[in-house]
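# Report on the structure
Here is what each chain is made of, one letter per residue.
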Amino acid sequence: MTAHRNYIGGEWVAAANAAPDINPSDLSDVVGEYARASKIDAETAVAAAKAAFPACARMTPQARADALKMIGDEIIARKDELGRLLAREEGKPLVDGVGEVVRAGQIFGFFAGEALRLVGEKVASTRPGVTVEITREPVGVVSLITPWNFPIAIPAWKIAPALAYGNCVVFKPADLVPASAHALSEIIARTGFPAGAFNLVMGRGAEIGDVLLGHDDVAAVSFTGSAATGRKVAAAAVAAPKMKKLQLEMGGKNPLVVLDDADLDLAVEAAANGAFYQTGQRCTASSRVIVTAGIHDRFVAALTAKTKALVVDDALKPGTQVGPVVDASQLDQDLRYLAIGKEEGAALHWGGERLNRDKQGFYLQPALFVGVDNAMRIAREEIFGPVAAVIRVKDYEEALAVANDTPYGLSSGIFTGSLKYAAHFQRNAEAGMVMVNLPTAGVDYHVPFGGRKASSYGPREQGRHAVEFYTTVKTGYVLA
Ligand code: NAD
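Residues numbered from 1 in each chain as written. Predicted model: local features only at pLDDT ≥ 70, side-chain atom pairs only at ≥ 80, totals over all residues. Heavy atoms only, no water.

In terms of domain boundaries, the chain breaks down into domain 1 (6-250 + 455-479) and domain 2 (255-436). Distance from the C-alpha centre of domain 1 to the C-alpha centre of domain 2: 31 Å. Opposite the 23 residues of domain 1 that make contact, domain 2 presents 26 residues. A buried area of about 2100 Å², summed over both sides, lies between domain 1 and domain 2, and 60% of it is on carbon and sulfur atoms. Interface area lost by domain 1 to domain 2 is led by Ser25, Trp148 and Ser455, which between them contribute 25%. On inspection of domain 1 and its partner domain 2, the count reaches nine residue pairs in polar contact (both at pLDDT 80 or more). Counting residues per element, the ones that place at least two in the side of domain 1 that touches domain 2 are α3 (79-90) and α4 (94-116). (Domains from an automatic or database assignment. Contact = heavy atoms within 4.5 Å. Buried area = accessible area lost by both parts, 1.4 Å probe. Polar contact = N/O pair within 3.5 Å; in protein donor to acceptor, adjacent residues only side chain to side chain. Helix = DSSP H or I, 4+ residues; strand = E, 2+ residues; numbered from the N terminus.)

Following this line, the structure appears as structure tokens:
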């Protein structure tokens, strides 16, 4: 099998090493062989991006908009093929894979429009005869580092604004999901950006991370991944003398509060969706479900029934609701936390068994812990698997306190029929995103995405707020 190549300086470039991309639903299915970039490949990509920067910055907004629109249109036109590829390599159900591909296309469409809408300000000076003009300019070469759980949407929400505002990109996808990244890059490569404006370096963070984070010619780094890697990224990219512009999107331990007056069916649906869909492998997953005493037993009974009925199977099989865990090491982590929860005294109410299906894959039954104390590790640490921890509280005040008692602050949700509690929760939840009567996962693409505390660092991603990270402000003074 010939390995798919990296895209550097406008050419498809072979690497000395390659690795197989394995389907987690069927371990005998190799999606393809993909290049593993070396440090030298990464340095070549940074040099190509630097060389292309003057041409990128000079591209007219119309040319950028046209190219981004072309990318978005092609992604959407090929949604079934690309969605299938994504589901095959990552393990999310086909319907979610196709949905994610459409989302990626929409994001490119959105930023095609934004390329035309970059505005500045003209301000009267405090001095006679002087005018002040505040404009935005691209930052330069940006390194974009993405995780495996959204193999095309997260790359899209970094690459699209980077190119829309005139930057040059070095893109490193997660090594578990190179196929979606390669397919996306193959589309971008045909759409009219100058050679070197966009570079793909598939490879391991441990191998090429230093170059992407610390190279003198990299101006900014946008990273999405775990909090542990995020800390390393910050140390490498921000510590003097590097001092890169930095954006980090990291983990979550998102609470979903269910009050006595909640619509039980909707709350159960949202909890099952938030905790188990996409195998719980979402940064916005509802991993803590905080339930007040009056509804607790009814809620647990209904959520258990719902959880038992979930269809766990091959991502490509019609009817699958929960696909496999992404790989062996994530499965080990999930099983380890199941053991930790039991050792800590939580009751494993349902699930957590390894499952056999027609094909050999990383199948795990969704797991529901009850009687969880918020101090337990299963309530504090991100598991990133199909594991929900139900925490019983006496009233709204305790629910809010428990919801906020976490190192993370990405998404926070509440189910209630009370406007008073909903409004209070929206104001007081210590999270970047607050959901009322909606799952903690599932967001719009045209508005800011991000969190607080250990979940995020730096300016927000997505929507018009993306301009903060992907541009730098210039204040011009003119005496005329
Ligand atoms: P990860 O931290 O292991 O890897 C993320 C990326 O960083 C990968 O491309 C990896 O190769 C790269 N990397 C690893 N070491 C590096 C280094 N030393 N230098 C540079 N790059 C390096 O995360 P993951 O397992 O791919 O993804 C799961 C995590 O991502 C979860 O914690 C999840 O919550 C988080 N996530 C966050 C968001 C968000 O927007 N907040 C969205 C999706 C996923």
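Here the narrative resumes.
What follows deals with the site of the ligand. Lining the immediate surroundings of the ligand are 26 residues, of which Thr146, Ser226, Thr229, Met250 and Glu382 lie closest. In the environment of the ligand, an oxygen atom lies 2.8 Å from a nitrogen or oxygen atom belonging to the side chain of lysine 172. The side chain of threonine 229 places a nitrogen or oxygen atom 2.7 Å from an oxygen atom of the ligand. Here the ligand, which alone exposes 850 Å², has 87% of that area covered by the protein. Among the detected pockets, the ligand sits in the largest pocket. Looking at the shell around the ligand, the elements with two or more residues in it are α7 (205-214) and β10 (220-224). By residue number, the principal contributor to the shell around the ligand is α7, which donates three residues. Split into classes, the residues belonging to the shell around the ligand amount to 13 nonpolar, nine polar and four charged. (Near = heavy atom within 4 Å. Areas by Shrake-Rupley, 256 points an atom, 1.4 Å probe, with all protein chains shown as cover. 1 Å grid on protein atoms, 1.4 Å probe; cavity = no way out; pocket = protein on both sides within 12 Å on 5 of 7 lines; lining within 4 Å. Sits in = over half its atoms within 2 Å of the grid points. Nonpolar A, V, L, I, M, F, W, Y, C, P; charged D, E, K, R; others polar.)

This part covers the packing of aromatic side chains. Under the defined criterion, the tally for this structure stands at nine aromatic pairs. Note on tryptophan 148 and phenylalanine 384: the rings are 5.4 Å apart at their centroids and 75° apart in plane angle, and the pair reads as edge-to-face. Of this pair, tryptophan 148 sits in the loop between β7 (141-145) and α5 (153-164) while phenylalanine 384 is found in the loop between α12 (377-380) and β16 (387-393), placing the two residues 236 residues apart along the sequence. The exposure class assigned to tryptophan 148 is buried, which follows from its relative accessible area of 14%. Relative to phenylalanine 198, the ring of phenylalanine 171 has its centre 6.3 Å away and its plane inclined at 40°; by these criteria the two rings are tilted. Residue phenylalanine 171 is located in strand β8 (residues 168-172), and its partner phenylalanine 198 is located in strand β9 (residues 198-200); the two are separated by 27 residues in the primary sequence. What makes phenylalanine 171 buried here is its relative accessible area of 0%. Ring pairing ties together the aromatic residues Tyr7, Trp12, Phe171 and Phe198, which thus form one cluster. Sitting over the ring of phenylalanine 150, lysine 92 keeps its end group 3.9 Å from the ring centre. (Phe/Tyr/Trp six-rings, centres within 6.5 Å; stacked < 30°, edge-to-face > 60°. Buried < 20%, exposed > 50% of the residue type's maximum accessible area, 1.4 Å probe, protein only. Lys NZ or Arg CZ within 6 Å of the ring centre and 35° of its normal.)

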